[in-house]
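Coordinate analysis (summary)
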Amino acid sequence: MEVPVGSKISIIRSRRVITGNTISPADIIIKDGKIMGIQPWGKQTVTMGSQLLDAGDRVVMPGVIDPHVHVNEPGRTDWEGYFTATRAAAAGGITTIVDMPLNCLPPTTSVSNFHTKLKAAKGQCFVDVAFWGGVIPGNQLELVPMLHAGVAGFKCFLISSGVPEFPHVSLMDLHSAMSELQGTNSVLLFHAEFDEPSRAPTNGDPMLYETFLASRPPCMEIAAVEAVANLCLKYKVRCHIVHLSSAMALPIIRKAKKAGAPLSVETTHHYLTLSAEKIPPGATYFKCCPPVREQSNKEALWNALLQGHIDMVVSDHSPCTPELKLLQDGDFLNAWGGYLLTAAWIISFLELCKNSWLQLVGYTSLPEQ
């Protein structure tokens, strides 16, 4: 919930308040729409003109931050827009999202395009929203102006993004972009997969998930993560690997961090809850890129997460219209690869994490006004 400026609520009281790694009775003190402190349960008195909100045994927790969301507005609003995306986020306990620079039209790759996106979002947001910019070939001179305009950082692809207006970058493009970003304290996000033109074409039944899985093997991620780690060490620009699916790339990230690279990594809920062996034939709603991998890989991701080698869990919420998933054809190779994360999935994931989940998600206090 949000306690806005001017509200009479000055205390939120619950027997189950989450602070750090503990759950205990507490009073949350509110002033001018912000949390001012957390006090022992029942110790605070309500002053004249103020109100107490007694939540009883309901859990009161920090709102979740989801820094990897594709809202798609403007341009592909039939996939989803800010009105529905941010309401769904609020329903799942997410108080802040950071919107990716694609698959909207135009993509957020220039200051002008960023202003178009801001205009589209105005008046439609039920949670706090920030925005990533994008790096594509030839737009390196737009990066610093976009930072000044308010983007949180930048996303790029090392392989085809799936949409023509957001082409992937070459290593030469990255050298140019990272030279521009040196000294800015910005962050560059990487979809870390390299295509392999020399690799034999994918054969097999397109309705079988194993056929799609074979088309994007772990070596594509490993090679891309290696390149990112080297660039990060060279330029000392903050770098972030998005939606890591292969645990085999983690030793590269750990080695780079140890060497002083300002490098971080995320994984997603679906890589932690699904496994390739259990995906039925033709069930293209399970398709995402990089792909969901085997059970053994899922267990390795969990171990890395609990050991602190993975920095955060995000949704990569990326909806599309139903026909793009080719549900009637069941063609994994040609179906759109977006994933829709529902509020119910978020809640069930948090239940799965149980006592350790606080270490697995980013979170914030009540939104600032």
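Source: prediction; values computed, not measured.

Comments concerning the overall build of the protein chain
A count of helices and strands for the protein chain gives ten helices and 15 strands. When the 369 residues of the protein chain are sorted by exposure, 52% land in the buried category. Considering only contacts within the protein chain whose residues lie at least 6 apart along the sequence, 72% involve residues at least 24 apart.

Quick look at the packing of helix 6 (residues 218-235) against helix 7 (residues 250-258)
Here helix 6 crosses helix 7 at 5 degrees, and the two axes come no closer than 9 Å. One element, helix 6, and the other, helix 7, form an angle in the roughly parallel class. Facing helix 6, whose interface residues are Ile222, Val225, Glu226, Ala229 and Leu233, helix 7 presents Ile252, Ile253 and Ala256.

Notes on the packing of helix 4 (residues 171-181) against helix 6
It is at 11 Å that the axes of helix 4 and helix 6 come closest, and there the two elements cross at 30 degrees. Compared by their axis directions, helix 4 and helix 6 come out roughly parallel. For the pair helix 4 and helix 6, the crossing hand works out as right-handed. Contacts from Leu171, Leu174, His175, Met178 and Ser179 in helix 4 reach Ala227, Leu231, Cys232, Lys234 and Tyr235 in helix 6.

The rules behind each value
- Residues numbered from 1 in each chain as written.
- Predicted model: local features only at pLDDT ≥ 70, side-chain atom pairs only at ≥ 80, totals over all residues.
- Heavy atoms only, no water.
- Helix = DSSP H or I, 4+ residues; strand = E, 2+ residues; numbered from the N terminus.
- Buried < 20%, exposed > 50% of the residue type's maximum accessible area, 1.4 Å probe, protein only.
- Contact = heavy atoms within 4.5 Å.
- Axes fitted to C-alpha atoms, helices over the stretch in contact; angles between N-to-C directions.
- Parallel < 35°, antiparallel > 145°, perpendicular 65-115°, else oblique.
- Left-handed = near helix turned anticlockwise from the far one by under 90°.

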